[in-house]
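Reading the structure
The residues making up each chain are set out below.
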Amino acid sequence: MLYSYDVIVKGSVFMRYRYETKGTCSRLIEFTVEDGIVKDVKYTGGCGGNLQGIAKLVDGMKVEEVIEKLKGIGCGMKSTSCPDQLSKALSAVIEKKGE
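Now for a look at the structure at hand. (Residues numbered from 1 in each chain as written. Predicted model: local features only at pLDDT ≥ 70, side-chain atom pairs only at ≥ 80, totals over all residues. Heavy atoms only, no water.)

Things to note about the overall build of the protein
The number of helices and strands found in the protein is three helices and four strands. Each helix and strand of the protein, placed in order from N terminus to C terminus, yields the pattern β-β-β-β-α-α-α. Across its three principal directions, the C-alpha atoms of the protein cover 45 × 30 × 20 Å. Classification of the 99 residues of the protein by burial places 36% in the buried group. (Helix = DSSP H or I, 4+ residues; strand = E, 2+ residues; numbered from the N terminus. Buried < 20%, exposed > 50% of the residue type's maximum accessible area, 1.4 Å probe, protein only.)

A word on the environment of isoleucine 8
Structurally, isoleucine 8 can be placed in strand S1 (residues 2–9). The exposure class of isoleucine 8 is exposed, given its relative accessible area of 63%. Separated by 27 residues in sequence, isoleucine 8 and aspartate 35 place their C-alpha atoms 16 Å apart.

Focus on the sheet that holds strand S2 (residues 12–20)
In space, the four strands of this open sheet follow the order S1-S2-S3-S4, with antiparallel pairing throughout. Every other strand in the sheet has two partners, leaving S1 and strand S4 (37–45) as the edge strands with one partner each. Strand after strand, the sheet turns through a mean of 25° between neighbouring axes, direction not considered. When S2 meets strand S3 (residues 26–34), the two strands line up antiparallel, connected through five bridges. Following the sheet pairing, arginine 18 is matched in S3 by glutamate 30. Most of the contacts of helix H3 (residues 82–98) go to S3, to which it runs at about 45°, and overall it touches S1, S2, S3 and S4. (Pairing = 2+ DSSP bridges. Axes fitted to C-alpha atoms, helices over the stretch in contact; angles between N-to-C directions. Contact = heavy atoms within 4.5 Å.)

Concerning the pattern of salt bridges
The tally for this structure, following the rule as stated, stands at five salt bridges. When the shortest N-O distance is used, the salt bridge between glutamate 34 and lysine 39 registers 3.3 Å. Taking the relative accessible area as the measure of exposure, glutamate 34 reaches 25% and is therefore partly exposed. Residue lysine 39 is classed as partly exposed on the basis of its relative accessible area of 31%. Close ionic contact of lysine 88 with aspartate 84 constitutes a salt bridge, the shortest N to O distance being 3.8 Å. Of the two residues, lysine 88 and aspartate 84 both sit in helix H3, four residues apart, roughly one turn of that helix. Through salt bridges with shared partners, a single network forms among Arg16, Asp40 and Lys42. (Salt bridge = Lys/Arg side-chain N within 4 Å of Asp/Glu carboxyl O.)

Structure (structure tokens):
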């Protein structure tokens, strides 16, 4: 489930998103999309070091590029993963903006 809310930083308003993950150790992903660029990704739960690494790697990337790189990645015997869930969250943002 994707939720969004406004955040004010230094007088500018940004849309912040919260995505409840499914089928992974992480429970929640929070992030900002500014002019089609992914920023400030934070995972709740999951493998801390790996998820901090993913967050830093995708920071500043275009939404579509992140989706392309992370979509379909599995974890062990699972058909999804924390990176795949971020791609689903970003896809939901694109869908929501298209409504």
